Amino acid sequence: MGNAVTVEAGAQRTPAAVTDNRAVPPGPRGHPLVGNLPEFGRDLLGFLGECARDYGDVVGLRLAGYPTCFINHPDLIEDVLVTRSAQFRKHRFFWRHVESIFGNGLLTSEGDFWRRQRRLAQPAFHRERIAAYGTVMVAEAEQMLAGWGAEEERDIHEDLMGVTMRIVARTLFGADVAAEVEQIGASFEVVVQEIAVRFRRPFAVPDWVPLPSNLRYRRAVRQLDRLVYGIIRQPRREDADDLVALLRRARDEDGRGMSERQLRDEAVTIFLAGQETTALALSWAAALLAQHAPAQDALAAELDTVLAGREPAVSDLPRLRYTEAVILESMRLYPPAYVLGRESAVAGDIGPYRFPAGTTVFASPWVMHRDPRYFDRPAEFDPGRWLDGLAKRLPRFAYFPFGGGPRLCIGNSFAMMESTLILAALAQRFRWTLVPGHVLDTLASITLRPRFGVRLRLARRDPCPRPS
Ligand code: HEM
C-alpha cells in the first residue's frame, strides 16, 4: 500500500528466558538526553516494528527521562490491561496536556471516580440500547451518498469525517443540533489538531502561555463549552433517548446522578473518542478495498444478497458477515488507536524484568496485529480470514483494536455497528479505485490517519432502481 510501512513484528525474537530480575530489557540505545524521543518523532510506526523485531517481547526504551517498556506479547499485554490493571493508570505525561478539554471524562479519569462514571454510562452503550441509533447512522450515510453523481472523484476521508461527526452529534445530543453541528465540528477540529501537536512535544506548555496555538485552542474550548452547555441545558422530553439524555437520567445505587460539569466532560470525551476513530476505521477500509478488487466483489455480492437493493438496517447486521470482516481486517492492518499507554503506579515485574514505579508501559495494536506468530501472511489484506472463527482462536490480546480489560472502549459496539452500516450503504451503491498517483501513507498522530487523505474514483454500481 503506497509507501506505508510493512512490519513483520516478531520475525526474529531474542529468547525471553532471562529470569534475572535485575536484568535490563534489551532496546535501542537512544540519545543520552532525550532517549528514544527522536526515533518516535521520525517514523514511529517503523520504529515500533523494528523494536519488536530486533528486541522481542519486552523492549526497554527511554522517553525523555522516563523509563519506558514496550510489550509485544498477548500474555504480557493481558497482564497489564486486565490481570494487574489496578497497578497501572492512564498516562499522566500525555493526558495532562489536554485536561482543559477532556476534563474528568471516562477516557482520562481514574480510580473510584472513573469506576462510578463507567457504571453510570455503561447501560447507555449496551447493544440493545444503541440499536436505536442505527436509523440515524443509515439516514446520515444515505444523505451523504444522495448528493453523489454516477462518477465521482473524492477524498473519502473528508466525507467520512463529516458523516461520523453528524452521527455522533445527533446520537449524543439529539435530533435538534443541525444548526450547531458545523460550529461544533470546526471547534473540535482545532482542538484535535492542537492535541496532536501537544502529544508530540516532550514537555508541556501550560494553556495560559500566549502562544498563537494556545490562544486558538482556548478559543475553541470556550466555544465548545458554550455550545455543549447550551445543548445540555435545553429542556428535554422525558423519553428522549440521545446519549446525553440517557447519561443525565443515569443514577448510581445512592440515587445520585452526574453534575452538569461532569455531563459536559463525558459528552466532549465521547465526541472526541468516538468520531475520528470510526471515520478512520472506514477510511482505511475504503483505501484497502480500493486496491483489492476481489474483496470488493465479495462485499458487493454479500450486500446484493442480503439487502437486495434496500437500505441496510440494524436487523441485517448478523448476516453482513463479510462487511464486518472488512472492518475487522482493516482495523487489523490500520488500527485507529495504534498504541495504548499506561504508567505503573508501583514497582513490579513485567515478564522477566523489574521496573520502578512510574514506568511508562505501552503496547501497540499496529505491531501485534502484524505479528506472524498469530497471523498468516500478516501484511496481506484478507477479510476472509475472519470468517472461520479466527477471533475465537487468537490469544485475547493478539487483536485488540478497542483495548481490553476494565478500560475497554465503551463505544466498541457503537463503532462496529456504525462502520458496518456505513460501509454497507457505500459499497452497495459504488465501486472504487484509488485516484492514479494518489499516495497513501500513514500519519501516526493521536490516531492513525491517512497522511494525504484517501482520494478515490467512485463509479455507481447500482443499475437497478432502489425502492423509494
Ligand atoms: C473504530 C472506532 C474506535 C476505536 C478503534 C476505539 C478505540 C478505543 C480504545 C483502544 C480505547 C481504550 C484506550 C485505553 O485503554 O487506553 C477506547 C476507549 C474509549 N472509547 Fe473508543 N474507539 C472507537 C470508537 C468509539 C466510539 C464510537 C465511542 C463513543 C461513542 C468511544 C468512546 C470511548 C470512551 C469513552 C473510551 C474510554 C473508556 C474508559 O476508559 O472507560 N470509542 N477506545
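Predicted model only: the values in this text are computed from it and were never measured.

Undergrad: Any chance you could explain the coordination of the iron atom of the ligand here in plain terms?
TA: Under perfect tetrahedral coordination by four donors, a metal shows angles of 109.5 degrees; under perfect octahedral coordination by six donors, it shows angles of 90 or 180 degrees. No protein donor other than Cys409 (SG) coordinates the iron atom of the ligand, and that contact is at 2.3 Å. By secondary structure assignment, the location of Cys409 is in the loop between helix H16 (390-393) and helix H17 (412-429).

Undergrad: Is there a simple way to think about the nonpolar core in this case?
TA: Looking at soluble globular proteins, one finds that nonpolar side chains tend to be buried together. Within the largest apolar cluster, 144 residues are counted, with the highest numbers of intra-cluster contacts made by Ile71, Ile101, Leu172, Phe173, Phe271, Trp432 and Leu456. Per element, the largest residue contribution to this core is 17 residues, and it comes from helix H12 (residues 260-290). If we ignore the near neighbours within four places in the chain, the residues touching Ile101 are Val191, Ile195, Tyr217, Val221, Leu224, Arg264, Val268 and Leu272.

Undergrad: Sorry, what's going on with the site of the ligand here?
TA: Taken together, the neighbourhood of the ligand is formed by 26 residues, with Trp114, Arg118, Arg342, Arg407 and Cys409 sitting nearest. Arg407 places a side-chain nitrogen or oxygen 2.8 Å from an oxygen atom of the ligand. At the level of secondary structure, the elements contributing two or more residues to the shell around the ligand comprise helix H5 (111-121), H12, strand S5 (340-344) and H17. Class assignment for the residues of the shell around the ligand results in 17 nonpolar, 5 polar and 4 charged.

Undergrad: Is there a simple way to explain the sheet that holds strand S4 (residues 151-155) in this structure?
TA: The strands making up a sheet associate through backbone hydrogen bonding, with each pair oriented either parallel or antiparallel. With respect to topology, 3 strands assemble into an open sheet ordered S4-S12-S9, the strand pairing being antiparallel. The sheet terminates laterally at S4 and strand S9 (430-434), the two strands that pair on one side only. Strand-to-strand twist of the sheet, defined as the mean angle between neighbouring strand axes without regard to direction, takes the value 30°. Across the sheet, H12 touches S9 and strand S12 (455-460), and the angle it forms with S9 is around 80°.

Undergrad: When you look at unusual backbone geometry in this model, what are you seeing that I'm missing?
TA: Across residues other than glycine, the phi torsion is negative in most instances, and most of the peptide bonds are trans. The phi dihedral of Ala308 is positive, around 45°, even though this residue is not glycine. Here Ala308 lies in the loop between helix H13 (293-307) and helix H14 (321-333). Phi angles above zero are rare outside glycine, and Arg377 is one such case at about 40°. The residue Arg377 is located in the loop between helix H15 (365-368) and H16 in this model. Arg377 sits in the partly exposed class, given a relative accessible area of 42%.

Undergrad: Explain the side chain of Ser344 here, please?
TA: For Ser344, the location among the structural elements is in strand S5. According to the relative accessible area criterion, Ser344 is buried, its value standing at 5%. A distance of 3.3 Å separates the side chain of Ser344 from the backbone oxygen of Pro356, its partner in a polar contact.

Undergrad: Mind showing me how you'd approach helix H7 (residues 134-146) here?
TA: Structural remark: α-helix, 3.6 residues per turn; residues separated by three or four positions point the same way. With 13 residues, H7 should cover 18 Å at 1.5 Å per step; its first-to-last C-alpha distance of 18 Å lies within 8% of that length. For H7, the full list of buried residues reads Gly134, Val136, Met137, Val138, Glu140, Ala141, Glu142, Met144 and Leu145.

Undergrad: Looking at this model, I keep getting lost on the packing of aromatic side chains. Mind explaining?
TA: Each aromatic ring pair is specified by the distance between its two centres and by the angle formed by the two planes. Overall, the coordinates contain 9 aromatic pairs when judged by the stated rule. Taking the centre distance of 5.9 Å and the plane angle of 65° together, the rings of Tyr334 and Trp366 count as edge-to-face. Here Tyr334 is found in the loop between H14 and S5, whereas its partner Trp366 is found in helix H15, with 32 residues between them in sequence. Each member of the pair, Tyr334 together with Trp366, is buried. Relative to Trp386, the ring of Phe375 lies with its centre 6.4 Å away and its plane at 55°, an arrangement referred to as tilted. A residue pair is termed long-range when its members are at least 10 positions apart, and Phe375 in the loop between H15 and H16 and Trp386 in the loop between H15 and H16 qualify at 11 residues. Put simply, the rings of Trp284, Tyr334 and Trp366 touch in pairs and so form one group of aromatic residues. Taking NZ or CZ as reference, Arg370 lies 5.3 Å from the ring centre of Tyr334, over its face. Directly above the ring of Trp366 sits Arg370, whose terminal nitrogen or CZ lies 3.9 Å from the centroid.

The rules we used
Residues numbered from 1 in each chain as written. Predicted model: local features only at pLDDT ≥ 70, side-chain atom pairs only at ≥ 80, totals over all residues. Heavy atoms only, no water. Donors = N, O, S within 2.8 Å, 3.2 Å for Na, K, Ca; no water. Helix = DSSP H or I, 4+ residues; strand = E, 2+ residues; numbered from the N terminus. Core = buried A, V, L, I, M, F, W, Y, C linked by side-chain atoms within 4.5 Å. Buried < 20%, exposed > 50% of the residue type's maximum accessible area, 1.4 Å probe, protein only. Contact = heavy atoms within 4.5 Å. Near = heavy atom within 4 Å. Polar contact = N/O pair within 3.5 Å; in protein donor to acceptor, adjacent residues only side chain to side chain. Nonpolar A, V, L, I, M, F, W, Y, C, P; charged D, E, K, R; others polar. Pairing = 2+ DSSP bridges. Axes fitted to C-alpha atoms, helices over the stretch in contact; angles between N-to-C directions. Expected span 1.5 Å × (residues − 1). Phe/Tyr/Trp six-rings, centres within 6.5 Å; stacked < 30°, edge-to-face > 60°. Lys NZ or Arg CZ within 6 Å of the ring centre and 35° of its normal.

Shape is all these values report; function is a separate question.
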